[in-house]
Amino acid sequence: MAGPISPPSPSPGLTEPLLGGSNEGNGSAPVPSLQERRRNTNIKFILLYTVFMFAGRSMWSQTVLSAYVYLLRDDNAEAVGLLTAIMGISQLLLSFPTGYLADKFRRDTLLKSASIFGFVAISTTLVAVHRRSYSLLALALAFWGALWGVVYTTISALFADSVPDGKRSLWFTRRVVLIKLGNMVGPVVVLVMFYMLGDKWSVNDCSVVMMFGQAVCVIPLLLLCWMKDVESHEGDDSLLQSNDPEQAQDLLPRSDEESTEADASQNEVDEETPSAPLACFCLSKERFIPRMVACADILSGIAAGMSIRYFPIFFLSNLQLSPVLVQILFFFSVVGQIPLSIVAQRGAKRIGRCQMTVLFKW
């Protein structure tokens, strides 16, 4: 029997502390508290998850999945649309309850549960590709959609909790860059594989590439199991023994007099804080902007579902492009997005985030 699996050790480039810790009174090096160590670990693992997951996903799902289904169903483009709808609907159905559960319960528990969906999705996809079963592939994509619905919502919230205030724009931009990098790695690997297989579209060659992409996706699923909830206080004793006296003091019980004084101070702050002005539709600015962003994402998702999945079929059927040429096109479609993401993050500091978003959208 093999021993228990231990968490993977981060790469040397990620071993430096990302967040500062509290100083010892004797002038020694800063010692991070428990929550700071969890934040550092989460940031490292989330960034590693982002690279591996989007690299593996771009290998099997970006171009090869559409071509595989199109060839498997005798040049039937409707079959591609049906599978895309199944995956999107399952993701949508789980996104709403996951958002509520991520705020209500432990986020690391949700990520561990999502990894189960992922392993089931990989197993089902491998069996479906091996048997060339369209119905099993539809079931597998439903599991993949469930995985995206749970992970995307939860890991974004956990990443926001782990990044300190004032640096979220920087770290979220870095994560976007890693997403684009993963989407670049996938086409490069697929290009090499198709070149070695003969550079022709066939069900057998697409099956080989999809299986390899599934194997790569195992790595990020394992990383989900070692992320820790920042806000949880399991082991409050360890927090009380930490080097942060203010954090430990917050966990100590208060007397009735202290509680009354604290409530009175909070009420005074609430009374002095002016109410937020209404932006539009009788909604405050804090509520209006998230709803507009959500609506924009929904419209973008609808447009993407109606077009992006059919690009590989258009290249395969109408333009008669080889797999290598298709991967080159998808590679260069992502290359320009990385520097523009960095430009957008820096430009937002000058002209504002909303203005920069509108500028890049149009």
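All figures in this text were calculated on a predicted structure; none of them were measured in a lab. (Residues numbered from 1 in each chain as written. Predicted model: local features only at pLDDT ≥ 70, side-chain atom pairs only at ≥ 80, totals over all residues. Heavy atoms only, no water.)

1. Digging into the packing of helix α2 (residues 64–72) against helix α13 (residues 311–318)
Where α2 contacts α13, the axes come no closer than 8 Å and their chain directions differ by 55°. On the basis of the axis angle, α2 is oblique to α13. α13 is crossed by α2, and the crossing has right-handed handedness. The segment α2 lies against α13, with Ser66, Ala67 and Tyr70 engaging Pro312, Ile313, Leu316 and Ser317. Here the contact of α2 with α13 is built from residues that sort into five nonpolar, two polar and no charged. (Axes fitted to C-alpha atoms, helices over the stretch in contact; angles between N-to-C directions. Helix = DSSP H or I, 4+ residues; strand = E, 2+ residues; numbered from the N terminus. Parallel < 35°, antiparallel > 145°, perpendicular 65-115°, else oblique. Left-handed = near helix turned anticlockwise from the far one by under 90°. Contact = heavy atoms within 4.5 Å. Nonpolar A, V, L, I, M, F, W, Y, C, P; charged D, E, K, R; others polar.)

2. Brief notes about the nonpolar core
Counting 62 residues, the largest nonpolar core has Tyr49, Tyr68, Val69, Trp144 and Met227 as its most contacted members. If you tally residues by element for this core, the top one is helix α5 (residues 134–162), at 12 residues. Those residues in contact with Val69 that sit more than four places away from it in its chain are Ala79, Val80, Leu83, Tyr134 and Leu137. (Core = buried A, V, L, I, M, F, W, Y, C linked by side-chain atoms within 4.5 Å. Buried < 20%, exposed > 50% of the residue type's maximum accessible area, 1.4 Å probe, protein only.)

3. Re empty space enclosed by the protein
If you walk through the whole model with that rule in mind, you get one cavity of 30 Å³ or more. Considered as a void within the structure, the largest cavity measures approximately 50 Å³ in volume. If you go around the largest cavity, the residues you meet are Leu65, Ser66, Val69, Ala79, Val80, Leu83, Thr84, Met87, Leu141 and Arg309. Those elements that place two or more of their residues in the lining of the largest cavity are α2 and α3 (77–104). Counting residues per element, the lining of the largest cavity draws most heavily on α3, at five residues. (1 Å grid on protein atoms, 1.4 Å probe; cavity = no way out; pocket = protein on both sides within 12 Å on 5 of 7 lines; lining within 4 Å. Points joined across faces, edges and corners; volume = space filled by probe spheres on them.)

4. Quick notes on helix α4 (residues 107–131)
Relative to the 36 Å expected for 25 residues at 1.5 Å per residue, α4 spans 36 Å between its end C-alpha atoms, a close match to the ideal helical length. Backbone geometry just downstream of α4 places Arg132 in the positive-phi region, at approximately 55°. (Expected span 1.5 Å × (residues − 1).)

5. Some details on the side chain of Gln214
With respect to the helices and strands, the residue Gln214 is situated in helix α7 (residues 203–216). Sequence-distant contacts of Gln214, that is, excluding residues within four places in its chain, are made with Trp60, Ala121, Ile122, Thr125, Leu126 and Trp144.

6. Describing the packing of aromatic side chains
Under the defined criterion, the tally for this structure stands at eight aromatic pairs. Grouping aromatic residues by their ring pairs yields a cluster made of Phe311, Phe314, Phe315 and Phe330. Over the ring of Tyr134 we find Arg73; its NZ or CZ atom is 4.3 Å from the centre of that ring. The aromatic ring of Trp171 is capped on one face by Arg174, whose charged end is 4.5 Å from the ring centroid. (Phe/Tyr/Trp six-rings, centres within 6.5 Å; stacked < 30°, edge-to-face > 60°. Lys NZ or Arg CZ within 6 Å of the ring centre and 35° of its normal.)

7. Some points on a nonpolar patch on the surface
Where nonpolar side chains cluster on the molecular surface, the patch consists of Leu340, Val343, Ile351, Leu359 and Phe360 and spans about 460 Å² of accessible area. Of all the secondary-structure elements, those providing two or more residues to the nonpolar patch are α15 (337–351) and α16 (353–361). Per-element accounting of the nonpolar patch gives the leading share, three residues, to α15. When you line up the elements, Val343 lands in helix α15. (Patch = residues over 30% accessible without salt bridge, like charges linked within 9 Å, V, L, I, M, F, W, Y side chains within 5 Å. Areas by Shrake-Rupley, 256 points an atom, 1.4 Å probe, with all protein chains shown as cover. Salt bridge = Lys/Arg side-chain N within 4 Å of Asp/Glu carboxyl O.)

8. Here we look at the pattern of salt bridges
Evaluation of the coordinates by the stated rule reveals two salt bridges. As a salt-bridge pair, Arg106 and Asp108 come within 2.5 Å of each other at their nearest N and O atoms. According to the relative accessible area criterion, Arg106 is partly exposed, its value standing at 26%.

9. A few points about the packing of α2 against α7
Orientation of α2 relative to α7, taken along the N-to-C sense of each, is 145°, at an axis distance of 9 Å. Seen along the crossing, α2 lies across α7 with a hand that is left-handed. On the side of α2, the interface is formed by Val64, Leu65, Ala67, Tyr68, Leu71 and Leu72, while α7 contributes Val203, Cys206, Ser207, Val209 and Met210.

10. Thoughts on the confidence of the model for the protein
On average, residues of the protein carry a pLDDT of 76, and 73% of them reach 70 or more. By mean pLDDT, helix α9 (residues 236–240) is the weakest element of the protein at 39, and α7 is the strongest at 94. This model gives residues 10–17 a pLDDT under 50, and the stretch forms seven contacts once residues within four places in sequence are excluded. Here residues 20–25 is a poorly scored stretch, pLDDT under 50, and it has 14 contacts once near neighbours within four places are set aside; other chains count. (pLDDT = per-residue confidence, 0-100.)

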